Amino acid sequence: MNVTKFISSISNNAIAGAFAKSWDLLDRYLLPVCSISGGSDSDIVLDIIHRLDVTHKVRYVWFNTGLELNATKQHLAYLEDRYSIHIERVPAVKSVPVCVKEFGYPFISKVVSQKIHNLQSYGFDFKDRNYDEDLNLFPQANDGLKWWHNIGSFKQWNICYNKLLKEFLIVHPPQFSISDKCCYYAKKKSFAAFFNHNYCDLSIIGTRKAEGGIRARGNNCFTHSDNKGDVFRPIFWFSDYDKKVYERLFHVVHSDCYNVYGLKRTGCAGCPFNPTLFTDLLLIQKHEMGLVNAAYNVFKPVYDYTKLYREFCNMHGSTLPLLEEDFSYG
C-alpha cells in the first residue's frame, strides 16, 4: 500500500492526521503494544494500526478485569478472525472483585472515590466545619480536604462538581470503604506490568479527548516518558462525528454490546462509575443475567448508596441528569 497516497485520499482531517501520526510512530518503535478493550474506540484504533502495521510487529492485548461481558469476549474472537491477528488474553493484576474486597467500592467517579478514600484513610468524619478546623483535626488528609472544601485546582477536583454531594455525605456518611483502586489494579497497573515484562517501547490506547473524564484531560495524542514508556492515542482528537465517518469509510463493526444490547459504552459490567448504571444493567440482564447477578454480588452496598444519593438529590429539588428507570435486583 502506498501510505502517502492513501492518507492524502482521506478528506477528513482528523482521520488523515491519525493515520499520518500512526504511520510515523510505528516506524520509530520496535515493540509497540496496542490495548484492546472491545469497545467502539478500541475497534477504530485497531483498524488504524492494523492497516499500517505492514511488518506485523504490534502486539494486541486484552485484560480480563473479572467482570467482562460475554459479548465483549465474542467480539474479540470476531476481531481476531477479521484481521487475522492474535489478541492476548491476560488476567488483571488484581480483578475488580478482589480490589473491591481489599480497598473499597467505586462510587460516582474516579475523582470522587479517590478523594473519599483519602479522607477515610485518615478517619475523617464528614462533618460540616471550615477548612482550617478540618486541617487542624486531619492534617494528613489535606488532598481530600481541598476537594471537600472546594479549593482544588480544577472544578472537577472539587466536591461541588457533583450536585449536593457534600450535603448528602454529611447526612449519610459512607458506612463502607470507598476507593478507585479497581481501575488502577485491573487496568492501569495490569497494562504497565505487561508493558514492562515484555520490554515494549510504545503503548497504543483508545482514549479520546471528546469522551471527557480524567483520562482525557491532556492536550496531546502522544506522551513521552523516560521511565514509564511512551503512550500514543491515535484517535485522541476524534469527535463523535469523526468516529461515525471512520466507521462508514472503513466498515468498522462493533460488538453486540452496542448493536444488540443497546449500550452506549462498554467496560466493566455494572461499574458504579457509569452514569447510566441502572439503565445499562436492565439492558444487560436481558442477555446476560448471570453477569448482572455477579455484578450485584460485588457492588450491592454501593448500588444502594448510589440510589440513596439520587433520591436525596431529587428530594432537595436537584434532579440528576440521566436519572434512570428503577432497576430492581437481588
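Quantities reported herein were computed from a predicted structural model and do not represent experimental measurements. (Residues numbered from 1 in each chain as written. Predicted model: local features only at pLDDT ≥ 70, side-chain atom pairs only at ≥ 80, totals over all residues. Heavy atoms only, no water.)

Asks: Where do I start with the overall build of the protein chain in this structure?
Replies: Summing up its helical and strand segments, the protein chain has 14 helices and 6 strands in all. For 330 residues, the compact-globule estimate of 2.2 N^0.38 gives 20 Å, and the C-alpha radius of gyration of the protein chain, at 21 Å, lies within 12% of that figure. By its C-alpha atoms, the protein chain is 65 × 45 × 35 Å across when sized along the principal axes. A buried classification covers 50% of the 330 residues belonging to the protein chain. For the protein chain, the share of sequence-separated contacts (at least 6 apart) that also reach a separation of at least 24 residues comes to 72%. (Helix = DSSP H or I, 4+ residues; strand = E, 2+ residues; numbered from the N terminus. Rg over C-alpha atoms; globule rule 2.2 N^0.38 Å. Buried < 20%, exposed > 50% of the residue type's maximum accessible area, 1.4 Å probe, protein only. Contact = heavy atoms within 4.5 Å.)

Asks: Even after reading the chapter, I still don't get the packing of helix H2 (residues 13–28) against helix H11 (residues 240–250), so can you show me in this structure?
Replies: Two numbers describe a pair of packed helices, the interaxial angle and the distance between the axes. Orientation of H2 relative to H11, taken along the N-to-C sense of each, is 70 degrees, at an axis distance of 9 Å. Between H2 and H11, the angle is such that the two are roughly perpendicular. Of H11, the residues touching H2 (which contributes Ala14, Ile15 and Phe19) are Asp242, Val245, Tyr246, Leu249 and Phe250. A breakdown of the residues in the contact of H2 with H11 according to their chemical character gives 7 nonpolar, no polar and 1 charged. (Axes fitted to C-alpha atoms, helices over the stretch in contact; angles between N-to-C directions. Parallel < 35°, antiparallel > 145°, perpendicular 65-115°, else oblique. Nonpolar A, V, L, I, M, F, W, Y, C, P; charged D, E, K, R; others polar.)

Asks: Explanation requested: the packing of aromatic side chains in the structure shown.
Replies: Pairs of aromatic rings are described using the distance from one ring centre to the other and the angle between the two planes. The tally for this structure, following the rule as stated, stands at 26 aromatic pairs. Aromatic pair Phe6 and Phe19: ring centres 5.0 Å apart, planes at 85 degrees, arrangement edge-to-face. Of this pair, Phe6 sits in helix H1 (residues 3–8) while Phe19 sits in helix H2, and the two are 13 residues apart along the sequence. Neither residue differs from the other here; Phe6 and Phe19 are each classed as buried. Taken together through their ring pairs, the aromatic side chains of Tyr105, Phe107, Phe168, Phe176, Tyr305, Tyr309 and Phe312 make up a single cluster. In this structure, Lys94 packs its charged tip against the face of Tyr185, placed 5.0 Å from the ring centre. When the ring centre of Phe236 is taken as origin, the NZ or CZ atom of Arg233, which lies over that ring, is 6.0 Å away. (Phe/Tyr/Trp six-rings, centres within 6.5 Å; stacked < 30°, edge-to-face > 60°. Lys NZ or Arg CZ within 6 Å of the ring centre and 35° of its normal.)

Asks: What is the right way to read the nonpolar core from this model?
Replies: Grouped together as the largest cluster of nonpolar side chains are 54 residues, with contacts concentrated most on Phe107, Trp147, Leu165, Leu169 and Phe299. Residue assignment for this core shows that the elements contributing at least two residues are helix H5 (96–103), helix H6 (110–121), helix H8 (142–148), helix H9 (165–171), helix H10 (181–197), helix H12 (256–259), helix H13 (277–285) and helix H14 (289–315). Here this core gets 11 residues from one element, more than from any other, and that element is H14. Contact partners of Leu165, with chain neighbours within four places excluded, come to Phe107, Ile108, Val112, Trp147, Ile159 and Tyr309. Counting residues in hydrophobic clusters, the runner-up holds 39 residues, among them Ile44, Leu52, Phe236 and Phe238. (Core = buried A, V, L, I, M, F, W, Y, C linked by side-chain atoms within 4.5 Å.)

Asks: Please explain the sheet that holds strand S5 (residues 222–223) as it appears in this structure.
Replies: Two strands in a sheet stick together by hydrogen bonds in their backbones, pointing the same way (parallel) or opposite ways (antiparallel). What the 6 strands build is an open sheet, ordered S3-S2-S1-S4-S6-S5; its pairing is mixed. Each end of this open sheet is capped by a strand with a single partner; those strands are strand S3 (87–91) and S5. Note that S5 and strand S6 (residues 230–232) share 2 bridges and pair antiparallel. Counted as the bridge partner of Phe222 is Phe232 from S6. Here helix H3 (residues 40–52) sits on the sheet in contact with strand S1 (32–35), strand S2 (59–64) and strand S4 (202–204), set at roughly 160 degrees to S2. Packed onto the sheet, helix H4 (residues 70–83) meets S2 and S3 and runs at close to 150 degrees relative to S3. (Pairing = 2+ DSSP bridges.)

Asks: What is the right way to look at the packing of H3 against H11 in this model?
Replies: At their nearest, the axes of H3 and H11 sit 11 Å apart, and the two run at 50 degrees to each other. Taken together, H3 and H11 sit at an angle that is classed as oblique. Crossing angle aside, the handedness with which H3 passes H11 is left-handed. Residues Ser40, Asp41, Ile44, Asp47, Ile48 and Arg51 of H3 form the contact with H11, whose own contacting residues are Lys243, Tyr246, Glu247 and Phe250. The class makeup of the residues in the contact of H3 with H11 is 4 nonpolar, 1 polar and 5 charged. (Left-handed = near helix turned anticlockwise from the far one by under 90°.)

Asks: Help me out: how do you make sense of the side chain of Arg233 in this one?
Replies: Tracing the backbone shows Arg233 in the loop between S6 and H11. Relative accessible area serves as the criterion here: at 13%, Arg233 is assigned to the buried category. Within the structure, the side chain of Arg233 is placed 3.1 Å from the backbone oxygen of Asn220, a separation counted as a polar contact. Polar side-chain contacts of Arg233 include one of 2.8 Å to the side chain of Thr223. In this structure, Arg233 is in contact with Ile205, Thr207, Asn220, Cys221, Phe222 and Thr223, ignoring residues within four places of it in sequence. (Polar contact = N/O pair within 3.5 Å; in protein donor to acceptor, adjacent residues only side chain to side chain.)

Asks: What exactly am I supposed to notice about the environment of Asn219 here?
Replies: Along the chain, Asn219 falls in the loop between S4 and S5. According to the relative accessible area criterion, Asn219 is exposed, its value standing at 61%. In sequence terms Asn219 and Asp143 are 76 residues apart; their C-alpha atoms lie 24 Å from each other. Excluding residues that lie within four positions of it along the chain, Asn219 makes contacts with Lys209, Phe236 and Trp237.

Asks: How should I be thinking about H11 in this particular structure?
Replies: Since the α-helix advances by 3.6 residues per turn, residues separated by three or four positions end up pointing in the same direction. For H11, every residue scored as buried is listed here: Asp242, Lys243, Val245, Tyr246, Glu247 and Phe250. For H11, the secondary structure elements touched by its buried residues are H1, H2, H3 and H4. Note on H11: the residue one or two positions beyond its end, His251, has a positive phi of about 55 degrees.

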